[in-house]
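A closer look at the structure
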Amino acid sequence: MKWNWLPSMCTLGNLGLGSVSLLFTIQERYNLALLMILLAAICDVMDGLLARMLHCTSDFGKQLDSLADIISFGLAPTFLILLYRLENMQWLGPVAAIAFLICGALRLARFNLSAPSKGFTGMPITAAGVILSMIALVDERMKPELVVAVMGLLSLLMVSRIPFPSFKKFVNRK
């Protein structure tokens, strides 16, 4: 039996969970929105792992993964932060959110064009989105200005040339 459809199902799970996170954010159910982002991150890890294990990596899968990632780790975390923590920031919150989305999209596009390597150039959007989402709920006393600063730092890290480790070699055993 062929299992090469399984990685794409995980990617679609990632996309679905990111979309549900947006819905929960709109409904002001912020803890559930965060949970959906964390579950999407698990799906994101699983799709790549399964694609490598089943030897069914493809350009289609890579593009689909990036589209899912921009929703689950770009759009969903920025809406969570904007509506839960930065609602009174006037123009600065939306500008930081747009910058985060743009940097995330640039990071994903650069990754899709790069040759496979042992690590990442720039922080992966999955990590940046999860960190951003976590700070929304972990410390509710964090000042909005500090949240915007963290958002700016994560944005810069995504488009930076700083190498980040990849753990693919540790989990890519036969």
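The structure under discussion appears in the preceding block.
Residues numbered from 1 in each chain as written. Predicted model: local features only at pLDDT ≥ 70, side-chain atom pairs only at ≥ 80, totals over all residues. Heavy atoms only, no water.

1. Re the nonpolar core
Ile81, Leu86 and Met151 are the most contacted members of the largest nonpolar core, which totals 40 residues. Secondary-structure elements contributing two or more residues to this core are α1 (6–26), α2 (30–53), α3 (59–84), α4 (92–113), α5 (125–138) and α6 (144–159). The element best represented in this core is α2, accounting for eight residues. Apart from the residues within four sequence positions on either side, Leu86 is in contact with Ile81, Gly93, Pro144, Val147, Val148 and Met151. (Core = buried A, V, L, I, M, F, W, Y, C linked by side-chain atoms within 4.5 Å. Buried < 20%, exposed > 50% of the residue type's maximum accessible area, 1.4 Å probe, protein only. Helix = DSSP H or I, 4+ residues; strand = E, 2+ residues; numbered from the N terminus. Contact = heavy atoms within 4.5 Å.)

2. Brief notes about α6
Counted at 1.5 Å a residue, the expected span for α6 with its 16 residues is 22 Å, and the 23 Å between its end C-alpha atoms agrees. Residues of α6 that are buried: Val147, Val148, Met151, Leu154, Ser155, Leu157 and Met158. (Expected span 1.5 Å × (residues − 1).)

3. Comments concerning the environment of Tyr84
Inspection of the secondary structure puts Tyr84 in helix α3. The spatial distance from the C-alpha of Tyr84 to the C-alpha of Leu137 is 8.7 Å, given a sequence separation of 53 residues. Beyond its immediate chain neighbours, meaning those up to four positions away, Tyr84 contacts Tyr30, Phe79, Ala136, Leu137 and Glu140.

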